[in-house]
Amino acid sequence: MRAQARSGAVSGWREVLVPLPPGGLTATGVAGGIQISGSVPGGTAFLQVFEADADDLAAAVKLPAEPTALPWTRTGLAAGQARWLWLRAVSPEGNVSALVGPVTATAL
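Figured I'd write up the structure that's included with this text. (Residues numbered from 1 in each chain as written. Predicted model: local features only at pLDDT ≥ 70, side-chain atom pairs only at ≥ 80, totals over all residues. Heavy atoms only, no water.)

1. Some thoughts on the overall build of the chain
At step 1: Secondary structure assignment for the chain yields 0 helices and 7 strands.
At step 2: Secondary structure elements of the chain, listed N to C terminal, follow the sequence β-β-β-β-β-β-β.
At step 3: Counting the 108 residues in the chain, one finds 31% classified as buried.
At step 4: Considering only residue pairs separated by 6 or more positions, the chain has 60% of its internal contacts joining residues 24 or more positions apart.
At step 5: Here the chain has roughly 6,000 Å² of accessible surface; of this, 55% comes from carbon and sulfur atoms. (Helix = DSSP H or I, 4+ residues; strand = E, 2+ residues; numbered from the N terminus. Buried < 20%, exposed > 50% of the residue type's maximum accessible area, 1.4 Å probe, protein only. Contact = heavy atoms within 4.5 Å. Areas by Shrake-Rupley, 256 points an atom, 1.4 Å probe, with all protein chains shown as cover.)

2. A short note on the pattern of salt bridges
Pairing of side chains with opposite charge becomes possible as their charged atoms draw close.
At step 1: Across all of its chains, the model carries 4 salt bridges by this definition.
At step 2: Overlapping salt bridges bring together E51, D53, R74 and R83 as one network. (Salt bridge = Lys/Arg side-chain N within 4 Å of Asp/Glu carboxyl O.)

3. Things to note about the nonpolar core
At step 1: L25, I36, V49, L70, W72, L85 and L87 are the most contacted members of the largest nonpolar core, which totals 16 residues.
At step 2: Looking at this core, the elements with two or more residues in it are β2 (33–39), β3 (46–52), β6 (82–90) and β7 (100–106).
At step 3: Here L70 is in contact with L25, I36, S37, G38, S39, V40, L47 and L87, once residues within four sequence places are set aside. (Core = buried A, V, L, I, M, F, W, Y, C linked by side-chain atoms within 4.5 Å.)

4. Description of unusual backbone geometry
At step 1: Put simply, L70 and P71 share a cis peptide bond, and its omega is 5 degrees.
At step 2: Relative to the helices and strands, P71 resides in the loop between β4 (61–62) and β5 (72–75).
At step 3: In this structure, the amide linkage connecting G101 to the following residue, P102, adopts the cis form with an omega of 10 degrees.
At step 4: Tracing the sequence through the fold places P102 in strand β7.

5. Observations regarding the pairing of strand β1 (residues 23–30)
At step 1: Of the pairings in the sheet, the one linking β1 to β2 comprises 6 bridges and is antiparallel in character. Pairing of V30 across the sheet is with G33, part of β2.
At step 2: The turn joining β1 and β2, which pair antiparallel and follow one another in sequence, is formed by 2 residues; a positive phi near 75 degrees is taken by G32. (Pairing = 2+ DSSP bridges.)

6. Here's the deal with the sheet that holds β3
At step 1: Pairing within the open sheet is antiparallel, and its 4 strands lie in the order β4-β3-β6-β7. For this open sheet the edge positions go to β4 and β7, each flanked by a neighbour on one side alone.
At step 2: Here 2 bridges tie β3 to β4, and the two strands are oriented antiparallel to one another. When the sheet's bridge partners are listed, E51 is paired in β4 with V61.

In structure tokens form, the structure reads like this:
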């Protein structure tokens with residue numbers, strides 16, 4: 001990656017790497033939600049969270065929340081609702097890691 005000014009001048013090249021994915025993910029049911037724990041790799045700007053009603057990544061939807069740390073709690077679930085969750089890290093430049101998961105739990 002490098003910057004280019006309107007005048008045409010360019011900066012030196014900067015290597016922008018793909019971030020490592022979150023690690024050691026676990027999910028635990030809590031009152032009204034699911035708490036996800038694990039580690040966030042250094043250099044991560046935020047995480048993207050994808051959720052499905054079953055173990056089916058193709059059916060998962062991206063949640064609007066973009067946590068910057070773990071543990072993080074997915075709230076707004078009724079007792080007994082199970083969810084499958086996948087996460088990926090996003091670098092400050094917008095590069096994304098591989099998806100990891102699923103982790104699953106049932107809200108209390």
